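Listed below are the residues making up each chain.
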Amino acid sequence: MIERIEQLRAKAQQEVEAASTSEALEQLRIRYLGRKAELPQLLRGVSELEPEQRAAVGKTANETRRALERLIEARAAALDADELEHRLRADAVDVTLPGTPPKPVGRLHVLTATMRELEDIFLGLGFTVLEGQEIETVHYNFDALNHSPTHPARARTDTFYLSEDVVLRTHTSPMQIRAMEAHPPPLYVVIPGRVYRPDSDATHTPQFHQIEGLAVDEDITLADLKGTLLAFAKSVFGDEREIRLRPHFFPFTEPSVEVDVSCFHCSGKGFMKDGSRCPLCKGEGWLEVLGAGEVDPNVYSYVSTTERNAPGYDPEKVQGYAWGMGVERIAMLKHGIPDLRLYFENDIRFLEQFG
Amino acid sequence: MKVPLSWLREYCDPDLDTAGIEERLTMTGTKVETALRHGVSSVECFVVGRVLSAEAHPDADRLRVCSVAVGEAAVAEIVCGAPNVAAGQTVAVALPGAVMPDGTEIKAAKLRGVPSNGMILAEDELQIGSDHGGIMVLDELILDAELAPGTPLADVLAISTDVLELEVTPNRPDCLGLYGVARELHAATGASLAQEPWSEDPGSEGPVAEAQVLVECPDLCRRFTARVLEDVTVAPSPPWLKARLSAAGQRPINNVVDITNYVMLLTGQPLHAFDLDRVAGARLTVRRAREGEPVETLDSQTRLLDGEMVVIEDDLGPTSIAGVMGGARSEVSESTTQVLMEVANWNGPNIHRTSWALGLRSEASARFEKDLAPEQCLHAQALATKLMIELCKAKVLPGTIDVAGEALPVEAVHLREARVDALLGMHVSRARQAEILQALGFGVSDAPDGLEVTVPAVRRNDVTREVDLIEEVARIHGLQRLPVSLPARRGAYGRLSSEQRLRRRAADALVGCGLYEAMGWTFTTPSLADRLRLSPDDRRRAAPVVENPLSEDQSMLRTTLLGSLLDAAAHNTLRGMPDLGIFEIGTVFAGVAHAAERRAASPLSETGVIERRALGVVLCGRLAPVTWGVPDPPRADVFAVKGVLEAFAHALRVDIDCAPGEQPFLHPGRSASVLCGERRIGWLGELHPLVARTWDLDAAAVMEVDLNELIALAQGEHEYRDVISFPALRQDLSVVLPLDVPAADALLAVRYAASGLLDDVRVFDVYSGPQVGENKRSLALALSFRAHDRTLTDEDVAPVRERIVAALRELGGELRG
């Protein structure tokens, strides 16, 4: 009897191992372990055996049944994996076809991206961001900024007018006065915004953007201006940049300076490695980026004192600096944009290059 | 302002090369825009020659074959085409190897078969004059020099000089004269400064009998001086004068006119020479022009003046536009023998206005408009008189006509030593302060706490306060010496306002939706309102109007972003990029109600214009790129643009709704008002085909909302809500409703009926067809229930669901399946 069981086991083992499909394996399971199969029959008949045989036969038969079950199970898993693998291979695609594009992300306009970059630099230096109105009165745009009543910038060739005393602001500087009227000193603000002047060519558009800076406290010096703008220049144009202040003239700052950044294209040398003149700075080694200065004391006297800004701005007690930089110019320098008009044409091929 | 360096060095000659001078001037406030070489770049091979013989060319009537001595023993054969060449002349010669100012190299060549080894030069060829009528005959032009053949030409003529082109700031008209620049250079380098060129005056004060001047508008003419010179010989100027004028960018005319230009270039003060014999009545009157009065100017054009312009007239009427341009009638000519030399001072802003209004800018107006000092008149008179005597053999008649207001006082300004440090953040000693100010022409004396400073006349308008003196000290001492520091920033901390952060978030959300940000023009055209089919009373027609626009097309301020967004869409479509999604965040403008009253109440600050920040979107063409997997992606429609609105409203955490709402430029059946609670904050929809057509677009989906309002309603900060501890219970509900019940009404009814436990409800499927019957549609709703303190069961929500079903029945709905 035991011999017969061993025989069955050996035969079943051989056949299971040879089974090549799930169906064939199922047939084998039925043949060896099904209700009518020999081994279960044998097990059912154990009780009828001689008592001395019962234990040994029962044990062998049970072990064999369990072994076969495990064997079939293992074989089934192997066959399933094979079949899955086969199905997957049949499902092959041409992986050299282009991928399915994800939902593409858009872009910020290069001027917005540049303005944010600049705002963030000055936020880091402790400035807050204010925004002003684009339509201004002559009072804020010129008078309070110490422009003489006959200053040429007031001319209709230089300023857009909505009426005799209302203009499209020609700079972000009117917000200097409005900011001081709204807040007492000390004051540290930057003012980004759109401004307007009647010019139109490759380097001038009738609308453009500026970022104004204003810091007023009891003791802000020209050296502080230099330090602040050096931080800006290094942040925007690179750690190795230097700046230089050149004396200049603006009605609302005194002393006034123009600020140059050492050229990042030629490292301030003015010429390239091959000896040719640097195309960006035209051989100067410096790029003009902004105008600045110590706030002219006359400007403080135009700031009206109210509850909001008390004690107000006494020119003998406060001093500070201001600057105005052109956003288009900075973006133009950073990205090599040749024509300012591109900024407002909104050609997708332009927009997708930045931001 | 062009400054020939060789001329400048006559007054201040620092031990620096051109680049060194350029650097010093630039870094002290007189920016050198460019430094150029005027004349020849190398003086090699330019020599003095003597024409030994000049024979007719065998084969050319106009050419001569000349033997020219060009050295002690050297003779060059040169073929010359000038009509005036003759044996015995001393001439300027360019030998082979010489490079002309235009870059041409002179080479030995054959001209009509005859060898020619050089070129005999005319003055214009060397850029030292404008005459091309013949060669320069040096022995006639230069009387006081030894001109041996072979002498380097540069020893005799100024054939090469560097020229600095300066940017002179408007506060420094003194630097519109070369002597003023020399003074700057003196202060900037310490090199000595030559005496003022006007320090000797051969003329005299006192009345002048031969001419009369009457000034009727002393407010616009602050000083008028004149001298009479007789026995004037009008002739070409000597070479040195022509060369200097040419290098400074002025065309030599004749000695009288050249003297006026030369004196102007040196002193900064313009002059005008009248032919006194052609001044009718020998009398000049300065007066305001009459409205529409015509004047013929030197350029032979007739200009119409207005009542704020000033003319100078004689007994026959106007001869010049004061300070801007002289007239043809009394111009100096070759036959002139008596000159009335006018040197006047005009009101700067008035001159600026006149020259801009007439489109007539001259060297004179460019200086007068900056407000010169009246004292400068006599500087120019002195120098001009001296040169008229020297160069025109003129005699100056005694006296000077001088119609002037009261002499202006010399202003004194106190400079506290400590203020310099305090403002600059850099120490400059009192002695150094004094040294700098004196070098710049200021008078300086000691005061207990600093300096007492007097201001020279030519700096009177620019320097009036202590801070102005500090600027002078700073720029000459050197801004490169400033240390680098940061302000104390007391109480300062940098952060964006909540509104600014939300605005950034809105833009970022739109970028995340795949849109490109555009920037359109603030300026728009009056025809936009018609293109958008706005009704006559649409408030968007009431755009603020620019009084002085660059063109009619840019004469209004936009009241909507739609125009510029459609322009951008059209631009890209026309260039083969019809699939696009763009947005803009920008200012739109409107007049305020009662603008005039409000302006009257607050004239300094009230503009009468409302500015609002708007957000606009335009979608055109396909919403996704065509790929091999998706060959026909969906196209932009009302739901696409609404999806964009929902995405960015979600980013801002604002609840928005849409209700049917028409706009004249939108498809009437596919347009909506955007609502935020009760407030209408914008619109969206598909563009009306008639509007799309005027931009050459097939179709577009567009939107505009008031970003100020949206952001005001946005929730910037947000408190934590526990939606994690207990899961939501989700159920679906399908309801058949009459077609005319908007989905929003159904959702509102559901929310209203459910109250507490309903967390969210949305439509996830819409079906209409035979199975649901005519004029009906089925909406599939996804309901999500949630309690904050327990996990809900179907039994918990059963009563809520019943209420929802009842509410939908009231709308005419029936549950499906």
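What you see is a predicted model; the values in this text were computed from it and never measured.

So what's going on with the overall build of chain A? Which residues, and what values?
Across its full length, chain A holds eleven helices and ten strands. Here the C-alpha radius of gyration of chain A, 42 Å, is well above what a compact globule of 355 residues would show, namely 20 Å. Seen through its C-alpha atoms, chain A measures out along the principal axes to roughly 130 × 55 × 40 Å. Sequence-distant contacts in chain A: of pairs separated by 6 or more residues, those separated by 24 or more amount to 69%.

Can you explain the overall build of chain B? Please cite residues and give values.
Along chain B, the regular secondary structure elements total 21 helices and 37 strands. Along the first, second and third principal axes, the C-alpha atoms of chain B reach 125 × 80 × 60 Å. The proportion of buried residues among the 817 residues of chain B is 53%. Nonlocal contacts in chain B, meaning residues at least 24 apart in sequence, comprise 68% of its contacts between residues at least 6 apart.

Talk me through the packing of helix 10 (residues 417-424) of chain B against helix 12 (residues 466-477) of chain B; I want residue IDs and the actual numbers.
Residue and element names in this part refer to chain B. Two elements in contact, helix 10 and helix 12, have axes whose closest approach is 10 Å; the angle formed by their N-to-C orientations is 70°. In this view, helix 10 runs roughly perpendicular relative to helix 12, as classed from their interaxial angle. Taken together, the residues of helix 12 that come into contact with helix 10 (itself represented by Arg419, Val420, Leu423 and Leu424) are Glu466, Val467, Ile470, Val473 and Ala474. Looking at the contact of helix 10 with helix 12, its residues break down into seven nonpolar, no polar and two charged.

Can you break down the domain arrangement of chain B residue by residue, with the values?
The figure often quoted for interface size is the accessible area lost as the parts come together. In terms of domains, chain B is made up of domain 1 (2-40 + 162-189), domain 2 (46-158), domain 3 (212-404), domain 4 (413-480), domain 5 (498-713) and domain 6 (729-815). Taking only C-alpha atoms into account, the centre of domain 3 of chain B sits 58 Å from that of domain 5 of chain B.

How would you explain the sheet that holds strand 5 (residues 75-80) of chain B if you had to name every residue and give the values?
All names here are of chain B. The five strands lie next to each other as 5-4-3-6-9, forming an open sheet whose pairing is antiparallel. The open sheet has two edge strands with one neighbour each: strand 5 and strand 9 (119-120). Pairing geometry for strand 4 (residues 64-69) and strand 5, over six bridges, is antiparallel. Note on strand 5: the bridge partner recorded for Val68 is Ala76.

Describe the interface of chain A and chain B, naming the residues involved and giving the relevant values.
Between chain A and chain B, the residue contacts involve 98 residues of the former and 91 residues of the latter. Taking both partners together, chain A and chain B bury about 8,000 Å²; carbon and sulfur atoms supply 57% of that area. Our count for the chain A to chain B interface comes out at ten salt bridges. In this structure, B:Asp508 engages A:Arg116 in a salt bridge whose closest nitrogen and oxygen atoms are separated by 2.9 Å.

An account of the state of the cysteines is needed here, citing residue identities and associated values.
With the rule as written, the count across this model stands at zero disulfides over all chains. The thiol of A:Cys281 is unpaired, and the distance to the nearest cysteine sulfur, on A:Cys278, comes to 3.7 Å. Of all cysteine sulfurs, the one in B:Cys658 lies closest to B:Cys676, which takes part in no disulfide; the gap is 11 Å. Of the residues examined, B:Cys676 reaches a relative accessible area of 7% and is grouped as buried.

Give a detailed account of the nonpolar core, specifying residues and quantitative values.
A:Phe232, A:Trp323 and A:Tyr343 are the most contacted members of the largest nonpolar core, which has 110 residues in total. A per-element tally of this core places helix 8 (residues 222-237) of chain A first, with nine residues. In contact with A:Tyr343, not counting residues within four places along its chain, are A:His109, A:Val110, A:Leu111, A:Glu328, A:Ala331, A:Met332, A:Ile337, A:Phe350 and B:Met519. Judged by nonpolar contacts, the second largest core, of 50 residues, contains B:Val3, B:Trp7, B:Cys12 and B:Ala248.

How would you sum up the side chain of B:Glu606? Please name residues and give values.
Assignment of secondary structure puts B:Glu606 in the loop between helix 16 (595-601) and strand 29 (609-620). Apart from the residues lying within four places of it in its own chain, the contact partners of B:Glu606 are A:Thr137, B:Arg598 and B:Arg599.

Tell me about the environment of A:Gln176, and name the residues and values.
Residue and element names in this part refer to chain A. Its place among the elements puts Gln176 in helix 7 (residues 174-182). The class for Gln176 is buried, based on a relative accessible area of 0%. With 25 residues separating them in the primary sequence, Gln176 and Asp201 have C-alpha atoms 29 Å apart. Ignoring anything within four residues of it in the chain, the contact list for Gln176 reads Leu145, Ile191, Glu212, Leu214, Phe252 and Ala322.

Let's hear about the pattern of salt bridges: which residues, and what values?
Where charged atoms of side chains with opposite charge meet at close range, the side chains can pair. If you walk through the whole model with that rule in mind, you get 78 salt bridges over all chains. For the salt bridge of A:Asp347 with A:Arg349, the shortest nitrogen-to-oxygen distance reads 2.7 Å. Assessed through its relative accessible area of 42%, A:Arg349 is described here as partly exposed. A salt bridge links B:Arg416 to B:Glu466, with the shortest nitrogen-to-oxygen separation between them at 2.8 Å. With a gap of 50 residues between them, B:Arg416 in strand 22 (residues 412-416) and B:Glu466 in helix 12 connect regions that are remote in the sequence.

Residues and numbers for unusual backbone geometry, please.
Outside of glycine, negative phi angles account for most residues, and trans bonds account for most peptide bonds. Looking along the chain, the bond that leaves A:Pro185 and enters A:Pro186 is cis, with omega of -5°. In this structure, A:Pro186 sits in the loop between helix 7 and strand 5 (187-196). Each neighbour pair has its own omega, and for A:Glu254 with A:Pro255 the value is -5°, a cis peptide bond. Relative to the assigned elements, A:Pro255 resides in strand 8 (residues 253-262). Positive phi, close to 65°, is recorded for A:Asn146, a residue that is not glycine. Structurally, A:Asn146 is set in the loop between helix 6 (138-141) and strand 3 (161-163). Phi is positive for B:Asn775, close to 55°, though the residue is something other than glycine. With respect to the helices, strands and loops of the structure, B:Asn775 is situated in the loop between strand 35 (758-767) and strand 36 (776-785).

Tell me about the sheet that holds strand 34 (residues 729-738) of chain B, residues and numbers included.
Residues and elements named next belong to chain B. The strand order 35-36-34-37 describes an open sheet built from four strands, whose pairing is antiparallel. Single-partner strands in this sheet number two, and they are strand 35 and strand 37 (814-815). Both strand 34 and strand 37 contribute to a ladder of two bridges, which runs antiparallel. Residue pairing in the sheet places Val736 in a bridge with Glu814 of strand 37. Strands in contact with helix 21 (residues 794-810) are strand 34, strand 36 and strand 37; relative to strand 34, the strand with the most contacts, it is inclined by about 15°.

I'd like a rundown of the packing of helix 8 of chain A against helix 10 (residues 327-335) of chain A, residues and numbers included.
Residue and element names in this part refer to chain A. Closest axis-to-axis distance for the helix 8/helix 10 pair is 11 Å, and the angle between their directions is 45°. Considering their axes alone, helix 8 and helix 10 lie oblique with respect to each other. On helix 10, the residues that touch Phe232, Val236 and Phe237 of helix 8 are Ile330, Leu333 and Lys334. Across the contact of helix 8 with helix 10, the residue classes break down as five nonpolar, no polar and one charged.

Give a description of the environment of B:Ala35 that names residues and reports values.
Tracing the backbone through its elements, the reader meets B:Ala35 in strand 2 (residues 31-39). Among residues more than four places away in sequence, those in contact with B:Ala35 are B:Thr18, B:Glu22, B:Val163 and B:Leu164.

Which residues make up helix 5 (residues 110-124) of chain A, and what are the values?
All names here are of chain A. For helix 5, spanning 15 residues, the distance from its first C-alpha to its last is 21 Å, which sits close to the expected 21 Å at 1.5 Å a residue. A large share of helix 5 lies buried, amounting to eleven of its 15 residues. Just beyond helix 5, the residue with positive phi is Gly126, at close to 100°.

Would you mind going over the packing of aromatic side chains in detail, with residue names and values included?
In this structure the tally under the stated criterion is 21 aromatic pairs over all chains. A centroid spacing of 6.4 Å and a plane angle of 80° characterise the contact between A:Phe232 and A:Phe237, whose relative ring orientation is edge-to-face. Where B:Phe224 meets B:Trp346, the ring centres are 6.3 Å apart and the plane angle is 85°; that geometry is what we call edge-to-face. Pair noted here: B:Phe224 is in strand 12 (residues 221-230) and B:Trp346 is in strand 19 (residues 339-346), with a separation of 122 residues, a long-range link. Comparing B:Phe224 with B:Trp346 shows no difference in burial state: the two are buried. Here the basic side chain of A:Arg156 rests over the ring of A:Tyr161, its NZ or CZ set 4.5 Å away from the ring centre.

Scoring rules and cut-offs
- Sequence order sets the numbering: in each chain, residues are counted from 1 along the sequence as written.
- Here chains are named by letter from A upward and ligands by number from 1 upward, in the order in which they appear as written.
- Only residues with pLDDT of at least 70 are given local features in this predicted model, and only at 80 or more are side-chain atom pairs given and counted; all residues enter the totals for whole chains, interfaces and linings.
- In computing side-chain properties, one takes all heavy atoms of the structure into account and sets aside hydrogens as well as water.
- Each helix is a run of H or I in the DSSP string that is no shorter than four residues. Each strand is a run of E no shorter than two, and both are numbered from the N terminus.
- Atoms considered for the radius of gyration are the C-alpha atoms alone. The globule rule reads 2.2 Å times the number of residues to the power 0.38.
- In this description, contact between two residues means that some pair of their heavy atoms is separated by no more than 4.5 Å.
- Think of it in three bands: with a 1.4 Å probe and only protein chains considered, a residue is buried below 20% of the maximum accessible area for its type, exposed above 50%, and partly exposed in between.
- The convention used is that axes are lines fitted to C-alpha atoms, helices contributing only their stretch in contact, and that angles between N-to-C directions extend from 0 to 180 degrees.
- Put simply, angles under 35 degrees are roughly parallel, angles over 145 are roughly antiparallel, angles from 65 to 115 are roughly perpendicular, and the rest are oblique.
- Here the nonpolar group is Ala, Val, Leu, Ile, Met, Phe, Trp, Tyr, Cys and Pro; Asp, Glu, Lys and Arg are the charged ones; every other residue, Gly included, is treated as polar.
- Domain limits in this description derive from either an automatic procedure or a database domain assignment.
- Strand pairing is assigned whenever DSSP identifies at least 2 bridges connecting the two strands.
- Summed over both partners, the accessible area (1.4 Å probe) lost when two parts come together is defined as the buried area.
- Any Lys or Arg side-chain nitrogen located within 4 Å of an Asp or Glu carboxyl oxygen qualifies as a salt bridge.
- In this description, a disulfide is simply a cysteine sulfur pair whose atoms lie within 2.5 Å.
- Here, nonpolar core means buried Ala, Val, Leu, Ile, Met, Phe, Trp, Tyr and Cys residues that are tied together by side-chain atoms lying within 4.5 Å of each other.
- Multiply 1.5 Å by the residue count of a helix minus one, and that product is the helix's expected span.
- Only Phe, Tyr and Trp rings are paired, with Trp represented by its six-membered ring, and only when their centres lie within 6.5 Å; those with planes under 30 degrees apart are stacked, over 60 edge-to-face, the remainder tilted.
- By definition here, charges over rings are those cases where NZ of Lys or CZ of Arg is within 6 Å of the ring centre and within 35 degrees of the ring normal.

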